[in-house]
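Letter by letter, the chains look like this.
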Amino acid sequence: MCGIVGLFLKDKALEPKLGALLSSMLITMTDRGPDSAGIAIYGNDNGTAAKITVQSADPEKDFDGLEYELRRALDVPVSVMVKSTHAVITLAKDKLDEGRAALTASRPNIRVMSSGDTVEIYKEVGLPKDVVSRFGVTAMSGTHGIGHTRMATESAVTTLGAHPFSTGSDQCLVHNGSLSNHNNLRRELKREGMVFETENDTEVAAAYLTAEMAKGKDLGAALESAVDDLDGFFTFVVGTKSGFGVVRDPIACKPAVMAETDQYVAFGSEYRALVNLPGIEDARIWEPEPATVYFWDHEKAA
Amino acid sequence: MPVFDLSVTPLRELNSALHGLAAGTNDTAFEVVNPRGHHAVAAGIDAPVTVDIKGSVGYYCAGMNDGGNVTIHGSAGPGVAENMMSGTVVIEGDASQYAGATGQGGLLVIKGNAASRCGISMKGIDIVVYGNIGHMSAFMGQSGHLVVLGDAGDALGDSLYEAKLFVRGSVKSLGSDCIEKEMRPEHLEKLSELLEKAGVRGVRPEEFKRYGSARKLYNFNIDNADAY
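What counts, and at which threshold
- Residues numbered from 1 in each chain as written.
- Chains lettered and ligands numbered in written order.
- Predicted model: local features only at pLDDT ≥ 70, side-chain atom pairs only at ≥ 80, totals over all residues.
- Pairing = 2+ DSSP bridges.
- Helix = DSSP H or I, 4+ residues; strand = E, 2+ residues; numbered from the N terminus.
- Axes fitted to C-alpha atoms, helices over the stretch in contact; angles between N-to-C directions.
- Contact = placed C-beta atoms within 7 Å.
- Nonpolar A, V, L, I, M, F, W, Y, C, P; charged D, E, K, R; others polar.
- Parallel < 35°, antiparallel > 145°, perpendicular 65-115°, else oblique.
- Left-handed = near helix turned anticlockwise from the far one by under 90°.
- Domains from an automatic or database assignment.
- Core = buried A, V, L, I, M, F, W, Y, C linked by C-beta atoms within 7 Å.
- Buried ≥ 20, exposed ≤ 12 C-beta atoms within 10 Å, placed from the backbone.

Engineer: With reference to specific residues and values, describe the sheet that holds strand β4 (residues 66–72) of chain B.
Structural biologist: Residues and elements named next belong to chain B. Strand order in the open sheet formed by 11 strands is β1-β2-β3-β4-β5-β6-β7-β8-β9-β11-β10, and the pairing between neighbours is mixed. Lying at the two open borders of the sheet, with one neighbouring strand each, are β1 (3–5) and β10 (178–181). The average undirected angle you get between the axes of adjacent strands in this sheet is 15°. One ladder, built from three bridges, connects β1 with strand β2 (residues 29–33); its direction is parallel. Bridge pairing in β2 links phenylalanine 4 to valine 32. Strands in contact with helix α2 (residues 185–197) are β6 (107–110), β7 (123–129), β8 (143–148), β9 (164–167) and β11 (209–213); relative to β8, the strand with the most contacts, it is inclined by about 70°.

Here it is as structure tokens:
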């Protein structure tokens, strides 16, 4: 089944609570999928630093000495903050590509969960309450975030099969539904040079969006193409550096509920994911229309 | 009058109490507060009890209702009153997808909008929607009546059997084998009766158009092979 949650804060006073609010929403959705969970939190942009969130199957070995090695390789300050099986590597923005190359060279088995100016993605096998606890999500602050809890249908239950999937710098995707033409699309995308790590259908959707954007489309246009090119059931929520987007397939069987107040725009697969949000009693509650791309953006709202 | 606060009382206690009602009981009116989007609230009623739910509910509220009168003072998630057998369910707000799905009897009134697949596979239920309905409504509807004061979305009545559809507003598109049909006196009368039962005022049956099955899809005939 899968459950999706998303929260976009309009009121800066709520930013310190983003992680707590999003965690609570995600835990409420546990019934929709116990297999794995993941969260993407968009923190504050300090202007100069970029972040890479990584995951290791052997964190003690892989993260030991990593900070020192990267500093030496890049010759700039690098900080590595370890959180359970994940670590957040912070470094100067202009050193991001070099940093990724150095990382691949020194730790080839490490997986990159996300990279960008503000996003951190944490995902693991396990229940939402365990996943948020492992990574200290409830204490995190930020401007917006999306989360997902998985019921695996098309591929195995693994860390890499969990959502969100990164689709580019500060961009990620979560999916409720199942695609039916993902094998075909994966073959085509491989021919175009995309690399896949799993048999997961959502990974194909993420790669599809990345490929469309590489051809020059913006995310909104890529999502519109997705409505035509992807076959199957989907409610997608995508996170970008400045906001989040929602789109449902034309048949729209997979649920989607939204709530808006002066303080936030929230998304949940079920209304009950939204009931603990402040002011929910007076919120505008609606369901997004099928085959329509919706976007909320901090930059445009400003 | 029993009051159940679902923010402190487990849902199972409410539903057990409703299911445990014996014939001739004095507890005929229940109030439910803080439903907070719970699923299956007041599902499986089989006694003539009145239930007022103060707030919005999740999936399958009043599912399988047989004889109860349930009012949701809020909105309802997917599948409200699904498989209702008899009785009444009224939603003051909006209803999500497949409201009244496979309903066999009773009356479902939605004062806001209903979403997609309203009345899917309806088997005798009467549904009255004050607002609009979404796409694929009354899909494979076998019997019963769907009355819509607002507009209908795409593919209305796709693969319809003998359910009768009345729409006052626009229909974005008709589904496979669904056609507009003549409004005859017996239809106007039935529509009047349904509008009255649903508490609709200031609307005349003549303002509606009737839609029904062309009967080429569900009756196999080799001559209609190109319709399949």
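Engineer: Quick one: what's the story with the sheet that holds strand β12 (residues 243–248) of chain A, residue by residue and with numbers?
Structural biologist: All names here are of chain A. Pairing is antiparallel in the open sheet, where five strands are placed in the order β9-β10-β11-β12-β16. If you trace the sheet from one side to the other, it starts and ends with β9 (165–168) and β16 (294–297), each paired once. Neighbouring strand axes in the sheet, compared pairwise and without regard to direction, differ in orientation by 20° on average. Each of β9, β10 (171–179) and β11 (232–239) touches helix α7 (residues 201–214); the most contacted strand, β10, lies at about 130° to it.

Engineer: Requested: an account of the interface of chain A and chain B, with residues and values cited.
Structural biologist: Bring the parts together and some accessible area is lost; that lost area is often taken as the interface size. With eight residues of chain A at the interface, the matching set in chain B holds 11 residues. Across the side of chain A that touches chain B, the residue classes tally to five nonpolar, no polar and three charged.

Engineer: Outline the packing of helix α3 (residues 66–74) of chain A against helix α4 (residues 96–106) of chain A, listing residues and values.
Structural biologist: Between two packed helices, both the angle of their axes relative to each other and the distance between the axes serve to describe the pair. Residue and element names in this part refer to chain A. The N-to-C vectors of α3 and α4 enclose an angle of 125°; their axes lie 10 Å apart at closest approach. Relative to α4, the element α3 lies oblique. Relative to α4, α3 is oriented so that their crossing is right-handed. Contact with α3, carried on its side by Glu69, Leu70, Ala73 and Leu74, involves Glu98, Gly99, Ala102 and Ser106 of α4 and no other residues of that element. Its residues assigned to classes, the contact of α3 with α4 shows four nonpolar, two polar and two charged.

Engineer: Residue-level account of the packing of α7(A) against helix α8 (residues 219–229) of chain A, with values.
Structural biologist: Residue and element names in this part refer to chain A. The N-to-C vectors of α7 and α8 enclose an angle of 125°; their axes lie 9 Å apart at closest approach. By the angle between their axes, α7 is oblique relative to α8. The hand of the α7/α8 crossing is right-handed. For the pair formed by α7 and α8, the contact residues are Ala205, Tyr208, Leu209, Glu212 and Met213 on the first element and Leu219, Ala222, Ser225, Ala226 and Asp229 on the second. Looking at the contact of α7 with α8 residue by residue, the classes come out as seven nonpolar, one polar and two charged.

Engineer: Just give me the short version of the domain arrangement of chain A, but keep the residues and values in it.
Structural biologist: Residue and element names in this part refer to chain A. Under the domain assignment used here, chain A contains domain 1 (3–44 + 124–301) and domain 2 (46–117). Summarising the inter-unit geometry, the C-alpha centres of domain 1 and domain 2 are found 24 Å apart. Domain 1 puts 13 residues into the contact, and the matching count from domain 2 is 12 residues. Of the residues assigned to the side of domain 1 that touches domain 2, the class counts are four nonpolar, five polar and four charged.

Engineer: Talk me through the nonpolar core; I want residue IDs and the actual numbers.
Structural biologist: Among the nonpolar cores identified, the biggest contains 81 residues, and A:Val5, A:Leu7 and A:Ala205 are the most heavily contacted of them. Not counting residues within four places of it along the chain, the set of residues in contact with A:Ala205 comprises A:Leu173, A:His175, A:Leu179, A:Ala226, A:Leu230 and A:Phe236. Within the second largest apolar cluster, 70 residues are counted, among which are B:Met136, B:Ala138, B:Ala152 and B:Leu191.

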